[in-house]
Amino acid sequence: MNTIFNSIKYKQHYLKEFKYLTDKELAEKFNSQVGIRYFNFAIQGFMNAMREDLERRELDYREIGDEMSISYANKIKILDGRITLKD
């Protein structure tokens, strides 16, 4: 088993994982991080990979952020190429 020591390696790991997810599954992954109260290399890698994958999928994510940052304050859903806040 390979041990991961930095956020870049975590980002690479998550990008591979996200690549094969449906939009619904990706939203579920995003939602699993809403409300976290800690930060580490794994989370940093996750968040960087999430933003990159949203861009790769050409999703409109203006509701939760921009190319500089994304808010994990609210759960989301992905419909018709657009991210909206979950009811």
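Residues numbered from 1 in each chain as written. Predicted model: local features only at pLDDT ≥ 70, side-chain atom pairs only at ≥ 80, totals over all residues. Heavy atoms only, no water.

**Q** I'm lost on the overall build of the protein in this one. Help?
**A** Each helix and strand in the protein was counted, giving three helices and two strands. For the protein, the sequential pattern of α-helices and β-strands runs α-α-α-β-β. Against the 2.2 N^0.38 benchmark of 12 Å for 87 residues, the protein shows a C-alpha radius of gyration of 13 Å, consistent with a compact globule. Seen through its C-alpha atoms, the protein measures out along the principal axes to roughly 40 × 30 × 20 Å. Taken over 87 residues, the protein has a buried fraction of 32%. Within the protein, residue pairs in contact and separated by at least 24 positions form 51% of the contacts whose partners lie at least 6 positions apart. Surface accessibility of the protein: about 6100 Å² in total, with carbon and sulfur atoms responsible for 49%. Across the protein, 15 positive and 14 negative side-chain charges occur, with their mean positions spaced 6 Å apart. (Helix = DSSP H or I, 4+ residues; strand = E, 2+ residues; numbered from the N terminus. Rg over C-alpha atoms; globule rule 2.2 N^0.38 Å. Buried < 20%, exposed > 50% of the residue type's maximum accessible area, 1.4 Å probe, protein only. Contact = heavy atoms within 4.5 Å. Areas by Shrake-Rupley, 256 points an atom, 1.4 Å probe, with all protein chains shown as cover. Lys, Arg positive; Asp, Glu negative; His and termini not counted. Charge placed at Lys NZ, Arg CZ, Asp CG, Glu CD.)

**Q** Looking at this structure, I do not really get the side chain of T84. What am I missing?
**A** Locating T84 in the fold gives a position in strand β2 (residues 82-85). Residue class for T84 comes out buried when judged on its relative accessible area of 17%.

**Q** Looking at this model, I keep getting lost on the pattern of salt bridges. Mind explaining?
**A** Note on pairing: side chains with opposite charge can pair once their charged atoms come close. Considering all chains together, one arrives at eight salt bridges under this definition. Among the charged side chains, a salt-bridge network with shared partners connects D23, D53, R56 and R57. (Salt bridge = Lys/Arg side-chain N within 4 Å of Asp/Glu carboxyl O.)

**Q** Before we go on, may I ask you to explain unusual backbone geometry in this structure?
**A** Most peptide bonds adopt trans geometry, and most residues besides glycine take a negative phi value. A positive phi angle is found at E58, which is not glycine, with a value near 55°. Tracing the backbone shows E58 in the loop between α3 (41-56) and β1 (76-79). Positive phi, close to 50°, is recorded for D80, a residue that is not glycine. For D80, the location among the structural elements is in the loop between β1 and β2.

**Q** Where do I start with the environment of S7 in this structure?
**A** Among the secondary structure elements, S7 is positioned in helix α1 (residues 7-19). On a C-alpha basis, the gap between S7 and I83 in space is 25 Å, while along the polypeptide they are 76 residues apart. Apart from the residues lying within four places of it in its own chain, the contact partners of S7 are F41, Q44 and G45.

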